[in-house]
Amino acid sequence: MIPDKTQVVIIGGGIVGASVAYHLTEIGVTDICLVERHQLTSGTTWHAAGLVAELRASANLTRLARYSGELYETLEASGDHTGYRRVGSLSLALVPDRIRELKRQAAMARQNGVLCNWLEPDAVSERWPHIRINDVLGALYMPRDGQTNPVDTTLTLARLAKQAGAGIVEGVRVLEIRRESGQISGVITDQGTIKTSKVVLCAGLWSRALAAGVDAIVPLYAAEHFYAVTEPVDLPADAPIVRVMDHGIYLKPDAGRLLIGCFEAHAKPLDPESLADGLAFAELPFDLDHFAPYMQAGINRIPVLENIGIRTWFNGPESFTPDGRYILGETPEVKGLFTACGFNSIGIQSAGGVGRVMADWIVAGRPPMDLWEVDVRRFFAFQNEANYLVERTAESLGLLYDMHWPYRQYESARRVRTSPLYEVLKNKGACYGELAGWERANWYAAPGSDPQYAYSYGRQNWFEHSACEHRAVREAVALFDQTSFAKYRVTGPQARTFLDYLCTASLDVPLGKVVYCQWLNERGGIEADVTVTRIADDDYWVISAPASQRRDLAWLAEHASGFDVNVSDITEDYAVLGLMGPEARSTLSRLTDADLSTTGFPFATSQMLVLGRSQGGCELRATRITYVGALGWELYVPRDDALDVYNTLTATPIASAGYHAMDSLRIEKAYRHWGHDITDEDTPLEAGLSFTVDWNKPGGFIGKPALVEQKARGFNKRLALFTLASSEPLLFHDEPIWRNDEPVGYITSGAFGHSLGCALGFGYVTSKVPSRREDVLNARYEIEVEGERIAAQVHLKAPFDPKNLEINR
Ligand SMILES: Cc1cc2nc3c(=O)[nH]c(=O)nc-3n(C[C@H](O)[C@H](O)[C@H](O)COP(=O)(O)OP(=O)(O)OC[C@H]3O[C@@H](n4cnc5c(N)ncnc54)[C@H](O)[C@@H]3O)c2cc1C
C-alpha cells in the first residue's frame, strides 16, 4: 500500500534507491516511501558483474567508493548478507603510458587510504597462474578491491531500511512527477497519488524521461553492455579480478567460472523507449560480432579459455552520461527533485557512498562535500537532446577503460556552442577543446604543423606552441577568445542590495568599477568566483566560469525572491576578446581615442569605448582586468560585431593565445580556478582570498557568520602554490603533497609555468590543528609524481610578479 503523504518518495528499487532509503533511515529520516514498479533489482542491478573497486578518478569519489566496500563488508560480517568479498584486483599495464597513469592514480589512492602496490610481471603470474604476461609491463595490485552480490546487497539495504521504518513498495509505477510553483508537490502512481515535497530519482536509465515530465534536465542514455561467463575453469580460490584496460576488458572469477566483460571503444547506444516501458529483468539480444574482439582478447590473455565453453552470453542495458560521471543532487529546475542516476557501469561500487551523501544532501539541501564533478547542475539543456546523447554515449562508455589522458578532448557531439571567431581562429591554426559545449581555442599550431592533440603523460605536442603564446603575453601582446565566459545581468531597484547579500565584497562602488569576489554558502564554502561590474546605478554585469553557468543562474534565482531585481543570462549576446600583454595599451590606443592611461582607465574598471576609425567604429565595453597577470583589456563585443572588431584589432598582426597558455599564465600569478582550487567546501580564508571579504559592509552577506566564526577559531587547511625544483615533471591534478615527510594534501590544479621554467600546482596543506601562514611556509615540501617525490617550494603569494608591476604598467 502506498501512503497518501510522505516526507520523501524514492523512485526506483535498484541498488541506488535501496541505498538512499537505507542511509536516510540511518540519519533518522524514516517517513519515506520507495516505489518500485516491478520487483527490487529488476532494472539494471540484477545483472551487474558486482565489481567494487576502491579507486576513482578523484579524491572525493574514491572516498565514496571506499565507503561502499566498507559498508557491504560490514553488513556481510554482521550477518546481513551482501555476498561481499575482498578478492583484490590487478590492473595490467601493456604500454608505458598506462604505467604512468596507474602510478599517478596509485599515489592519489594511497593518500586516500586505498592499499595498492606495484607488481612486476612475474608477480602477476604468481597470483594468476593462467595469465599470459609476455606483453605485460607491470600491474597495480589493489588487495582491498572486492566483489559483491548486487541482488543480495540491494535486498539487504532495502530490508534494513524497511526495518527502520521506511516504506518499500513493489509493483507500483510512478506515472508522473508533480510540481507546483517550481517545487515538488507529489507523484502520481498507477495506484494513486503520494503527496511529498521531495522526490529522489533513482530510476536508472528511465530517469531522464521521468525528469522530462517536469522539464528537468537529466542527461543520460542507455547503452548495451556485454559480458560472457565461461564454463568452469581451474582457478586459484583467491584469484583477483583482472583489468586489461589497454584491451578494454575485465576478467572476474565467478564461482569457479570466469566472467569476461568489456568497455568497448565504440559502444551501442540503445533508445530507452525501446525497453517497452521497463521490462523487468530485461535481457537484450547478444551481438556476437560486436563482442568477438573482446572475447578474443580474453582468450589471448588466458589461453586455457581456448578450450573452455561459454555458459552465458549476456547483454544488458545500463545508463551512461555525457562525461562518464554520475548525476547527483537537486535539479535547478525543480526544487525538491533530487537525482541519483546515470551510473556508467559503476553503480554497484558507487551505491553505498552515493546513498550516504544523498541522504545528507536531501536533508541539508546542500552536498556534504565537494561533489561538483557529479552534480546535476553541471549539465546543460543541449546535453539532454537525444541526438547529442546517442552520439556521445557511443564514446563515453569506452572512456572508463581508455587512457585518462590529461587534456583529453571528446571526439563526439562537438561544435554545439561556437564563438563568432570560430572559423577565423581555426584558419589561424587553433586546436579546439570543449568546455560546457563551447569550442575553445586551446592552442595554436605553428604554420606547417597539425592542430591535433597527440596525448601523453609527458610534454604533449602542443607544449612548445603554447610556450610561444605564453611568451607573447609576457613580452608583447596576444589575443585570447574568451567568449565562453558566463555572463549575467542583474538589474532593478534592489540590484545592489541583492548582490551585496550574495557577494563577499561590497558592491556599493562607483559606476564602472569591477569587483572581484565570491558567493558563499551558509558554511562559508565558495559557490562561485565572479567579477561584478557596476555599469549603472541599478545595473550590474556578473562574469563567471563557463562550466558553472547553470549552477550560478540557479543560485541567483534561488536567492532573488524577496528582492526587486531582474536576472538575465547574456552569455550568448557578447563575444569577449582578451587583449593581454605589455603592449596591450599601445595596440589598443592606435584604434581608439579613449584615454587608456592608468589615470584615464585604471585597473579593475570598465568603460564603453569606440574601436576602429572607419565607418564610425564599433562601440564595445572594455574592462581593464586580467586572468593572466598582464596589462590588458577584456573587450565585450556584441556578437554580430565580433568579426569586425577582430579584423580591426588584427589589421596589424597580433599573436593568438589559447586556454593552455592562459592556464600556465594564471597559475604563475596564483589565480585560483573555481571547481578545482576553490569549491563549495573551501572558504575564502582557507583559499587565501580573504582580501575579497568586506567584513564591515552593512547587512553582511551569505556565509559571513560562518567566516567570522572560522576566523576566530582558526582553520586546518590553507591553499598554497608549489613550484617544482626540477623542470621535467608535470603536474595535472591529484598529485600528493608531502610536508616534512607527511602526506598533507594533493594538487588541485597544475600547469607548466613557462616564465618560471617548471611545473606549478595549487593544493591545500592540511593540519591537525589550526595553522598559521608561517606554519605553512616553514616546512619542507615534496610533490609525488608517478611514485617519485620531487622537491618543491611553497608559496602563499604569486611567484611571478608578486607586486603586480605588470598589471599596473
Ligand atoms: C553488464 C553489466 C555489468 C555491470 N557490472 C557492474 C560492476 O561490476 N560493478 C558496478 O559497480 N556496476 C556494474 N554495472 C552497473 C550497475 O548494474 C548499475 O550502475 C546499477 O545497477 C544501477 O543501479 P540503479 O539503482 O541506479 O538502477 P536500476 O537497477 O536500473 O534501478 C532502477 C529501478 O527503477 C525502477 N523504475 C524505473 N521507472 C520507474 C517508475 N516509473 N516507477 C517505479 N519504478 C521505476 C526500475 O524498475 C528499476 O528497478 C553493470 C551493468 C551492466 C549492464
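Residues numbered from 1 in each chain as written. Predicted model: local features only at pLDDT ≥ 70, side-chain atom pairs only at ≥ 80, totals over all residues. Heavy atoms only, no water.

A.B. asks: Give a description of the packing of helix H2 (residues 59-77) against helix H5 (residues 150-163) that names residues and reports values.
C.D. replies: Close contact between H2 and H5 brings their axes to 11 Å; oriented N to C, the two are set at 75°. Classified by the angle their axes make, H2 and H5 are roughly perpendicular. Touching Leu 71, Tyr 72 and Leu 75 of H2 are Thr 153, Thr 156, Leu 157 and Leu 160, all from H5. Here the contact of H2 with H5 is composed, by residue class, of five nonpolar, two polar and no charged. (Axes fitted to C-alpha atoms, helices over the stretch in contact; angles between N-to-C directions. Helix = DSSP H or I, 4+ residues; strand = E, 2+ residues; numbered from the N terminus. Parallel < 35°, antiparallel > 145°, perpendicular 65-115°, else oblique. Contact = heavy atoms within 4.5 Å. Nonpolar A, V, L, I, M, F, W, Y, C, P; charged D, E, K, R; others polar.)

A.B. asks: Provide a residue-level description of helix H1 (residues 15-26), including the pertinent values.
C.D. replies: A rise of 1.5 Å per residue sets the reference length of H1, with its 12 residues, at 16 Å; its end C-alpha atoms lie 16 Å apart and thus fit the reference within 8%. Within H1, 11 of the 12 residues are buried, which leaves the element mostly enclosed by the surrounding structure. Those residues of H1 that fall on the buried side of the exposure criterion are Ile 15, Val 16, Gly 17, Ala 18, Ser 19, Val 20, Ala 21, Tyr 22, His 23, Leu 24 and Thr 25. Looking at the residues trailing H1, positive phi occurs at Gly 28, about 90°. (Expected span 1.5 Å × (residues − 1). Buried < 20%, exposed > 50% of the residue type's maximum accessible area, 1.4 Å probe, protein only.)

A.B. asks: Break down the site of the ligand for me, with residues and values.
C.D. replies: Surveying the vicinity of the ligand reveals 37 residues, the closest of which are Glu 36, Thr 44, Thr 45, Glu 318 and Gln 349. At a separation of 2.8 Å, an oxygen atom of the ligand approaches a polar backbone atom of Leu 51. Isolated, the ligand exposes 1,000 Å² of accessible area, and the fraction of that covered by the protein chains is 98%. Contributions of two or more residues to the shell around the ligand are made by H1, strand S2 (32-36), strand S13 (221-230), strand S18 (310-320) and helix H8 (347-364). Grouping the constituent residues of the shell around the ligand by class yields 18 nonpolar, 15 polar and four charged. (Near = heavy atom within 4 Å. Polar contact = N/O pair within 3.5 Å; in protein donor to acceptor, adjacent residues only side chain to side chain. Areas by Shrake-Rupley, 256 points an atom, 1.4 Å probe, with all protein chains shown as cover.)

A.B. asks: I'd like to hear about the sheet that holds strand S30 (residues 605-611), residue by residue, with values.
C.D. replies: Reading across from one edge, S30-S31-S32-S29-S23-S33 is the order of the six strands in this open sheet, with mixed pairing throughout. The open sheet has two free edges, formed respectively by S30 and strand S33 (655-656), since each of these has just one partner strand. Two elements, strand S23 (residues 478-481) and S33, share two bridges in a ladder whose sense is parallel. Within S33, the position partnered with Ala 478 by the bridge is Ala 655. Strand contacts of helix H11 (residues 463-475): S23, strand S29 (574-580) and S33, with the helix running at about 115° to S23, the strand carrying the most contacts. (Pairing = 2+ DSSP bridges.)

A.B. asks: So, the sheet that holds strand S37 (residues 758-766): which residues are in play, and what are the values?
C.D. replies: Sheet strands associate in pairs through backbone hydrogen bonding, adopting either a parallel or an antiparallel arrangement. Taken in spatial order, the six strands of this closed barrel run S34-S37-S36-S35-S38-S39, and their pairing is antiparallel. Mean inter-strand twist for the sheet, computed between neighbouring axes without regard to direction, equals 40°. As paired elements, strand S36 (residues 742-753) and S37 share six bridges and run antiparallel to each other. Paired with Gly 753 across the bridge in S37 is Cys 758.

A.B. asks: A description of the nonpolar core should follow, citing residues and the corresponding values.
C.D. replies: Within soluble globular proteins, side chains that are nonpolar tend to cluster in buried spots. One finds Leu 328 and Met 358 to be the most contacted residues of the largest nonpolar core, which totals 74 residues. If one sorts the elements of this core by residue count, H8 sits on top with eight residues. Those residues in contact with Met 358 that lie beyond four places of it in its chain are Val 20, Val 200, Leu 328, Gly 329, Phe 338, Thr 339 and Ala 340. Ala 211, Val 218, Ala 222 and Phe 379 belong to the second largest nonpolar core, which has 33 residues in total. (Core = buried A, V, L, I, M, F, W, Y, C linked by side-chain atoms within 4.5 Å.)

A.B. asks: Mind laying out the pairing of S37, listing which residues take part and the relevant values?
C.D. replies: Of all nine residues in S37, eight are buried; the element is thus mostly enclosed. Hairpin connection from S36 to S37: four residues lie between these consecutive antiparallel strands, with Gly 757 at a positive phi of about 80°.

A.B. asks: Any details on the pairing of S30? Residues and values, ideally.
C.D. replies: Pairing geometry for S30 and strand S31 (residues 618-624), over seven bridges, is antiparallel. Considered in S31, the bridge of Ser 606 is made with Thr 623. Hairpin connection between S30 and S31: a loop of six residues separates the two successive antiparallel strands, and Gly 612 in this loop has a positive phi of roughly 95°.

A.B. asks: Can you break down the side chain of Thr 723 residue by residue, with the values?
C.D. replies: Relative to the helices and strands, Thr 723 resides in strand S34 (residues 717-724). Given a relative accessible area of 9%, Thr 723 falls into the buried group. There is a polar contact of 2.7 Å between the side chain of Thr 723 and the side chain of His 795. Residues contacting Thr 723, with those up to four places away along its chain left out, are Leu 756, Cys 758, Ala 759, Leu 760, Ala 791, Ala 792, Gln 793, His 795 and Pro 799.

A.B. asks: Any chance you could break down the pattern of salt bridges for me, citing the residues and the numbers?
C.D. replies: This model, assessed by the stated rule, comprises 55 salt bridges. For Arg 243, the salt bridge identified is with Asp 145, shortest N-O distance 3.6 Å. Highlighted residues: Arg 243 in strand S14 (residues 241-244) and Asp 145 in the loop between strand S6 (138-142) and strand S7 (146-147), separated in sequence by 98 residues. For Arg 243, a relative accessible area of 9% gives the class buried. For Asp 145, a relative accessible area of 1% translates into the label buried. The partner of Glu 522 in a salt bridge is Arg 366, with the nearest N and O atoms 3.4 Å apart. (Salt bridge = Lys/Arg side-chain N within 4 Å of Asp/Glu carboxyl O.)

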